[in-house]
Amino acid sequence: NALGFVQEPYDALLDHYEQGVTARDLEPIFSRLVPALKDLLDRIKGSSRAAPRLPDMRFPIEEQKAFALETAQRLGYDIEAGRLDMSAHPFTTALGPGDVRITARYNETSISEGFFSAIHEAGHAMYHQGLPLEHWGEPLCRPISLGINESQSRLWENMVARSRSFWEHFFPIASQRFPTLRAVALDDFLYTLNEVHPSLIRTEADEVTYNLHIVLRFELEVALTRGDLLVDDLPEAWNLRTRNYLGLTPPDYAQGLMQDVHWSSGAIGYFPTYTLGNLCAAQFLHAARQDLGDLDALFRRGEFAPLLGWLREKIHSQGSRFLPGDLLKAVTGQGLSPDYFIEYLEEKYGSLYCV
């Protein structure tokens, strides 16, 4: 009540992270999204395509760091206005005007963990680097919301850097740097980068199941704040939804309702911004394709400046000029819709899994 709300308490908490958005705005969107995700997941589970058997591979950490940095720079991350370091948990931090730093975490047996964490953070950083620095210290030079900020990292990490066209350009380059990849076919490599495997842990989830983790948390948060769910009943409610959405049952709290830091830190209302980021990213990318034409042809040639320039003009340079929903309408011509994200997943995973 101290923060204020019109319809229900959860709105006051959600508004702290995604200004202007309410639970009743999200419920019909999530109600459309969940059945589509579950249907796609069921078809993937029933796919006849067998996972490729890849040889044991090694990716030296220093080579991974160099490759990740070179790629981030190719996408548009300005290393003269930042740097890439290692940390236990990847993050982006803007220390001042013209200084936006990123970190990544690497695994010698997999290229994915370090590479995609670096590209994810570079997506955040390019947003910060594109803000109007002449207004530093003013609201205009701040990202408008967590969801819009997340849309930029998810767009570059998943929709660009996990795409076939991206790797048609970068796979030969990666194979030169990492000889272990030379025995791997591009199709098999792409499959492993985008493999769908339901998991109990949100941070390990693939693109198809990730948002089911988020909707699960959103529904429980709303039920708690409405008084429809008691805290003592939360473990049972968590496990029930996990079985319903993912077909899995947590064996303990560590792999269940206590796996995230958000609730213990009081960040109720934060979780939906992750899904908002995914939905906005797909809607933004659709609009960019309408304006720029065949983006995949550009990616195959290693040309990413047109997309970054479009994002700079339409989103980054706008800072906090608009509320998140108003910015989305200004850029795409309509309010938030899950259809673009659903279409993106259907096209991508329908091709990968032949479903």
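How each quantity is defined
Residues numbered from 1 in each chain as written. Predicted model: local features only at pLDDT ≥ 70, side-chain atom pairs only at ≥ 80, totals over all residues. Heavy atoms only, no water. Helix = DSSP H or I, 4+ residues; strand = E, 2+ residues; numbered from the N terminus. Expected span 1.5 Å × (residues − 1). Bend = angle between axes of the 7 residues up to and from the residue. Buried < 20%, exposed > 50% of the residue type's maximum accessible area, 1.4 Å probe, protein only. Contact = heavy atoms within 4.5 Å. Pairing = 2+ DSSP bridges. Phe/Tyr/Trp six-rings, centres within 6.5 Å; stacked < 30°, edge-to-face > 60°. Lys NZ or Arg CZ within 6 Å of the ring centre and 35° of its normal. Axes fitted to C-alpha atoms, helices over the stretch in contact; angles between N-to-C directions. Core = buried A, V, L, I, M, F, W, Y, C linked by side-chain atoms within 4.5 Å. Salt bridge = Lys/Arg side-chain N within 4 Å of Asp/Glu carboxyl O.

What follows deals with helix H2 (residues 23–45). The first and last C-alpha atoms of H2 sit 31 Å apart over 23 residues, in line with the 33 Å expected at 1.5 Å per residue. Along its length, H2 reaches its greatest deviation from straightness, about 25°, at phenylalanine 30. Turning to H2, its buried residues number three or more, namely Ala23, Leu26, Ile29, Phe30, Leu33, Val34, Ala36, Leu37, Leu40, Leu41 and Ile44. Next to the buried residues of H2 lie helix H1 (9–15), helix H8 (207–226), helix H9 (234–246), helix H10 (272–292) and helix H14 (339–353).

Looking now at the pairing of strand S3 (residues 99–104). The element S3 is largely enclosed, with a buried count of five among its six residues. The pairing of strand S1 (residues 84–86) with S3 spans three bridges and is classified as parallel. In the sheet register, leucine 84 faces S3, and the bridge partner there is isoleucine 102. Summarising the sheet, strand S2 (residues 92–96) and S3 pair through four bridges and their orientation is antiparallel. Looking at S3, one finds that threonine 92 is bridged to isoleucine 102.

Topologically, arginine 217 is positioned in helix H8. Excluding its chain neighbours within four sequence positions, the residues that come into contact with arginine 217 are Arg202, Trp238, Gln259, Asp260, Trp263 and Phe271.

Turning our eyes to something else, we now look at the packing of aromatic side chains. Enumeration according to the criterion identifies 23 aromatic pairs in this entry. A ring pair is formed by tyrosine 10 and phenylalanine 218, whose centres lie 5.7 Å apart and whose planes are at 75°; its orientation type is edge-to-face. On the criterion of sequence distance, the pair formed by tyrosine 10 in helix H1 and phenylalanine 218 in helix H8 is long-range, its members being 208 residues apart. Between the aromatic rings of phenylalanine 271 and tyrosine 274, the centroid separation amounts to 6.4 Å while the plane-to-plane angle is 50°, which identifies the pairing as tilted. On the basis of relative accessible area, tyrosine 274 is assigned to the buried category, the value being 12%. Above the ring of tyrosine 210, the side-chain terminus of arginine 154 is found at 4.6 Å from the ring centroid. Here the basic side chain of arginine 162 rests over the ring of phenylalanine 116, its NZ or CZ set 3.8 Å away from the ring centre.

Strand pairing in a sheet relies on backbone hydrogen bonds. The paired strands run either parallel or antiparallel. Strand order in the open sheet made by the three strands is S1-S3-S2, with mixed pairing throughout. Taken across any chain shown, the strands that pair with only one partner, and hence form the sheet edges, are S1 and S2. The sheet shows a mean angle of 30° between the axes of neighbouring strands, direction not considered. Where helix H4 (residues 112–129) meets the sheet, it contacts S2 and S3, and its direction lies at approximately 165° from that of S3.

The subject of this paragraph is the nonpolar core. Core analysis: the biggest nonpolar cluster contains 101 residues, and Phe115, Trp156, Trp167 and Leu307 have the highest contact counts within it. Of all the elements, H2 adds the most residues to this core, at eleven residues. Those residues in contact with tryptophan 167 that lie beyond four places of it in its chain are Phe67, Phe115, Phe116, Ala161, Arg162, Pro172, Ala174, Leu186, Phe189, Leu190 and Leu193. Formed by five residues, the second largest nonpolar core is a distinct cluster that contains Ala205, Tyr210, Phe271 and Tyr274.

Next up on the list: the pattern of salt bridges. Overall, the coordinates contain 22 salt bridges when judged by the stated rule. Two residues, arginine 241 and glutamate 219, come together in a salt bridge whose shortest N-O distance is 3.0 Å. Linking arginine 241 in helix H9 with glutamate 219 in helix H8, this pair joins segments that are 22 residues apart in sequence. The exposure class of glutamate 219 is partly exposed, given its relative accessible area of 25%.

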